[in-house]
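# Coordinate analysis (summary)
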Amino acid sequence: MGHERVGRLPKSQCWRNIVDTIAASAYSAEPLTATLAAKTIENVKHRFFAIHKDKGVQAAFAYLISLATDHLPETEGLASPETRLNENPSPIRLAKQLNEWVRKHASSNEYAEIACRAGADSIAEWTKASSRQRSLFDDSMDAKTVWSKSASARGFCEVARTFFASFTERYLRYFLEREASATLPSLKAREEFSKNLHTHIDSVSKHAFETSKITQSFAAGWFNNHALKSRPSDREIEGFLAIAFGKIQEEMQRESTK
C-alpha cells in the first residue's frame, strides 16, 4: 500500500514558470533561467534519494508521531521522546523539545536544521488549525486536546503533509539561491534575483505544498497500519520516510521533464 500513483497533481504554477518570474528582472536569458530551474530540481531530487536514512530526519518525524501517539505506551526507539502533553506545553516549548530530540540523534547538522524547522512548522500549523476548528463553547484547548485530534489517519496526514511541504520548500529555496549564485553572470543580477526570491517566496511555498500532497494518502494509510495502536519502530519510520520522499522525488522528476 502507498505505492500507487495518484495521477498528475494540479499545480497553480509549474516550477519553471516560478523561476522565470523570479529571474525576469534579474536576467532574462532563456537558457540560463531554464538551467537554473532544472539544476535546482535536480539537486533537491539528489538529496531526497537517501535522506530517509538520516537519523536527524528520522528523529524529527518520529517526534511528530510521538505527539499523535502520546496516549500509547512508550517503547524503545525514536518515537518515544518525553512529550509530556499532560503538562500543557506551548507550541514553542514543543518546538524546543523537538530541537533537543533531533540534535541528540543528528548525523548531519544541515539535515537536522531543516528537519527541526519543518517539524516546528508542523507543530505551529497543526495548533493553529486546531484552534480554528474550536467550538464557541469549547474552553478545553490544551496541548493534549490539540494533539489527540492528530491521532487519526485524517489528522496525521495533515501533520505529515506540512512537514514534507516545509522540508521541500526549504531545500528548493536553498538550492535556488545557490544555483543563482553560480549561474547568473553578475553580482547585480544575483542581488536582484535574491530580492525577487523574497518577494515571490509565497509561490515557492505554494509549489512545495502542492507537491507534498502526493504524501497524504500514503501517510493516512501508514498511520492506520503502524501507529494507531502502538508506536512504530525505527525501521517502520525509516521505511515510511523512504516511500514519502520517493513520492516527492517522483513528482519532481515529472516537473523536470516539462
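Coordinates for the structure precede this section.
This section reports on the structure supplied with the text. These numbers were taken from a predicted model, which means no experiment stands behind them. (Residues numbered from 1 in each chain as written. Predicted model: local features only at pLDDT ≥ 70, side-chain atom pairs only at ≥ 80, totals over all residues. Heavy atoms only, no water.)

### Comments concerning the nonpolar core
Phe61, Phe164 and Phe167 are the most contacted members of the largest nonpolar core, which has 72 residues in total. Ranked by the residues each element gives to this core, the list is headed by helix H7 (residues 153-183), at 13 residues. Apart from residues lying up to four places away in sequence, Phe61 is in contact with Phe156, Ala160, Phe163, Phe164, Phe240 and Leu241. (Core = buried A, V, L, I, M, F, W, Y, C linked by side-chain atoms within 4.5 Å. Buried < 20%, exposed > 50% of the residue type's maximum accessible area, 1.4 Å probe, protein only. Helix = DSSP H or I, 4+ residues; strand = E, 2+ residues; numbered from the N terminus. Contact = heavy atoms within 4.5 Å.)

### As for the pattern of salt bridges
As enumerated under the stated definition, the model contains 11 salt bridges in all. In this structure, Glu110 engages Arg47 in a salt bridge whose closest nitrogen and oxygen atoms are separated by 2.5 Å. Taken as a pair, Glu110 in helix H5 (residues 109-132) and Arg47 in helix H2 (residues 30-48) lie far apart in primary sequence, 63 residues in all. Relative accessible area serves as the criterion here: at 18%, Arg47 is assigned to the buried category. Glu125 is the partner of Lys128 in a salt bridge, and the nearest nitrogen-oxygen pair spans 3.4 Å. Residue Lys128 and its partner Glu125 are both found in helix H5; the two are separated by three residues, about one turn of the helix. In the salt-bridge network here, residues are joined through shared partners; they are Arg103, Glu113 and Arg117. (Salt bridge = Lys/Arg side-chain N within 4 Å of Asp/Glu carboxyl O.)

### Things to note about the packing of helix H3 (residues 55-68) against H7
Put simply, H3 and H7 touch, their axes get as near as 11 Å, and they point 155° apart. In terms of orientation, H3 lies roughly antiparallel with respect to H7. As H3 runs across H7, the sense of the crossing is right-handed. Facing H3, whose interface residues are Val57, Ala60, Phe61, Leu64, Ile65 and Ala68, H7 presents Phe156, Val159, Ala160, Phe163, Phe164 and Phe167. (Axes fitted to C-alpha atoms, helices over the stretch in contact; angles between N-to-C directions. Parallel < 35°, antiparallel > 145°, perpendicular 65-115°, else oblique. Left-handed = near helix turned anticlockwise from the far one by under 90°.)

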